[in-house]
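Structural overview
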Amino acid sequence: MYSRPKISIIIPVYDVEKYLETCLNSVAAQTFKEAEVIVVDDGSTDQSPRIIEKFKQRYSHFICLQQPHQGITAARQKGLSHAEGENVLFIDADDFVPSSYCERLYKALQINGADMAAGPVVRYYTDSRQAVPEDMGVFYQGPLTGEDKTQLFSNFPAVMGLCGKLINRRLLESARVTWGDYPAAEDILPSIQLIVAAQKIVPVKEAVYFYRQGREGSQTTSAPNRLTGLFNGFLAARQFLMQQGQYALYAPGFEYVRLVCLLSFMETYGLTQEEEKLLAQNRQSLMLPGRLFKKRPLRFRARVKMLKWCLRTGASYAWCMRQVRKSRRWLFKGK
């Protein structure tokens, strides 16, 4: 008699031969056995298809799909269209999870009657093999409902990513998730939509997801127009919150996450002319009242003031911050 899987694990794959076996081995080693694994080859040109085929032959619960290269969002949607699980878990092909990962998330979901379970996403640096967690405070809380869900915004991956979450199938359908197709940050809008729609979210501190950093060719390090994707992803999520009448509730956390990400990106990579125009065109959405950030660190508030001054005068924020850093080096030279 056919038994519907409790979890569908969806893994989009594109040219990750160096890390794919680590990911698939971690999934194959799960102590939770009532799961199907759907691996979607998004038109890989390296040895990834051969690695996928090897796992398909070895494990009967691995399902392998192929499509021409269309991007991670299309690959996830293809996986979803074939998924039969009561719950859905997204894992990226260069990341990995502990063997108890699915079991911990599923038990927490069931025990608490929640429709989403979220575990901490830990940044794993490939070269140094160091694992660095974000702020873990929210993961020591009990189940989150209503206004308590805003606590998730203290942890950036918890609100910006689809990975690290076990999502009930009914929630995915009722949230009417919008699948963005940006050069980066395609997870932001659907993640915010799921948080808002969820009746109960349970944090699971033991269910750690290892998010690989420093991989050559990754979308976050190589995609063109990265700031455009990041900016538009946040802008779409902001518009969604306004349309749902939820912006006032989520604004302090959401806008803090948004500006930290945008400011950090500009300070690290600078801006192209097109990206400068994008900021100018959406100037009003960035001219936020200071009261939103009164409890935030002084350095962050100073950066926000600098951004607002730049938007009013037409100066380049990236250029101004470079001058600030140079001035500080000169002021403190020899001290």
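The paragraphs below set out a description of the structure included in this document. (Residues numbered from 1 in each chain as written. Predicted model: local features only at pLDDT ≥ 70, side-chain atom pairs only at ≥ 80, totals over all residues. Heavy atoms only, no water.)

1. Quick look at the sheet that holds strand β10 (residues 209–213)
Hydrogen bonds between backbone groups are what pair the strands of a sheet, and the pairing can be parallel or antiparallel. Spatial ordering of the open sheet is given by β7-β6-β10, a layout of three strands whose pairing is mixed. Every other strand in the sheet has two partners, leaving β7 (130–133) and β10 as the edge strands with one partner each. Sheet twist, expressed as the mean angle between neighbouring strand axes with direction ignored, is 35°. Note that strand β6 (residues 121–125) and β10 share five bridges and pair parallel. When the bridges of β10 are listed, Arg123 appears paired with Tyr211. (Pairing = 2+ DSSP bridges. Helix = DSSP H or I, 4+ residues; strand = E, 2+ residues; numbered from the N terminus. Axes fitted to C-alpha atoms, helices over the stretch in contact; angles between N-to-C directions.)

2. A look at the packing of helix α1 (residues 17–28) against helix α2 (residues 48–58)
α2 packs onto α1 with a crossing angle of 20° between their chain directions and a minimal axis gap of 9 Å. In terms of their interaxial angle, α1 and α2 are classed as roughly parallel. Between α1 and α2 lies a crossing whose hand is right-handed. For the pair formed by α1 and α2, the contact residues are Glu17, Leu20, Glu21, Leu24 and Asn25 on the first element and Ser48, Ile51, Ile52, Lys54, Phe55 and Arg58 on the second. Grouping the constituent residues of the contact of α1 with α2 by class yields five nonpolar, two polar and four charged. (Parallel < 35°, antiparallel > 145°, perpendicular 65-115°, else oblique. Left-handed = near helix turned anticlockwise from the far one by under 90°. Contact = heavy atoms within 4.5 Å. Nonpolar A, V, L, I, M, F, W, Y, C, P; charged D, E, K, R; others polar.)

3. Digging into the sheet that holds strand β8 (residues 165–168)
The seven strands lie next to each other as β3-β2-β1-β4-β8-β5-β9, forming an open sheet whose pairing is mixed. One side of each edge strand has no neighbouring strand; the edge strands of this open sheet are β3 (62–67) and β9 (201–203). Neighbour-to-neighbour, the strand axes of the sheet open up by a mean angle of 20°, direction not taken into account. As paired strands, strand β1 (residues 7–13) and strand β2 (residues 35–42) are joined by seven bridges and run parallel to one another. In the sheet register, Ser8 faces β2, and the bridge partner there is Glu36. Against the sheet, α1 makes contact with β1, β2 and β3, and its axis sits at roughly 175° relative to β1, the strand it touches most. Of the strands in this sheet, β1, β2, β3 and β4 (87–90) touch helix α3 (residues 72–82), which is tilted by about 140° from β2.

4. So, the pairing of β2
The buried fraction of β2 amounts to eight of the eight residues, a majority that puts the element mostly inside the structure. Handedness of the crossover joining β1 and β2 through α1 is recorded here as right-handed. With α2 bridging β2 and its parallel neighbour β3, the resulting β-α-β unit is right-handed. (Buried < 20%, exposed > 50% of the residue type's maximum accessible area, 1.4 Å probe, protein only. Right-handed = clockwise from strand over helix to strand, strands pointing away.)

5. Description of unusual backbone geometry
Here the phi dihedral of Asp15 falls at roughly 50°; this positive angle occurs in a residue that is not glycine. Structurally, Asp15 is set in the loop between β1 and α1.

6. Topic: the packing of aromatic side chains
Remark: the centre distance and the inter-plane angle together describe each pair of aromatic rings, the angle taken between the planes. Enumeration over the complete set of coordinates arrives at 15 aromatic pairs. Ring geometry for Phe90 against Trp179: centres 6.1 Å apart, planes inclined by 75°, an arrangement best described as edge-to-face. Linking Phe90 in strand β4 with Trp179 in the loop between α6 (169–174) and α7 (188–197), this pair joins segments that are 89 residues apart in sequence. A residue is classified by how much of its surface remains accessible, and Phe90, at 1% relative accessible area, is buried. (Phe/Tyr/Trp six-rings, centres within 6.5 Å; stacked < 30°, edge-to-face > 60°.)

7. Considering the state of the cysteines
By definition, a disulfide links the sulfur atoms of two cysteines through a covalent bond. Taken as a whole, this structure holds zero disulfides when the rule is applied. There is no disulfide at Cys64, and the cysteine sulfur nearest it, in Cys23, is 12 Å away. Residue class for Cys64 comes out partly exposed when judged on its relative accessible area of 21%. Between Cys261, a free cysteine, and Cys163, which holds the nearest cysteine sulfur, the sulfur-to-sulfur gap is 16 Å. Judged by its relative accessible area of 16%, Cys261 is buried. (Disulfide = S-S within 2.5 Å.)

Taken by themselves, the reported measurements are silent on function.
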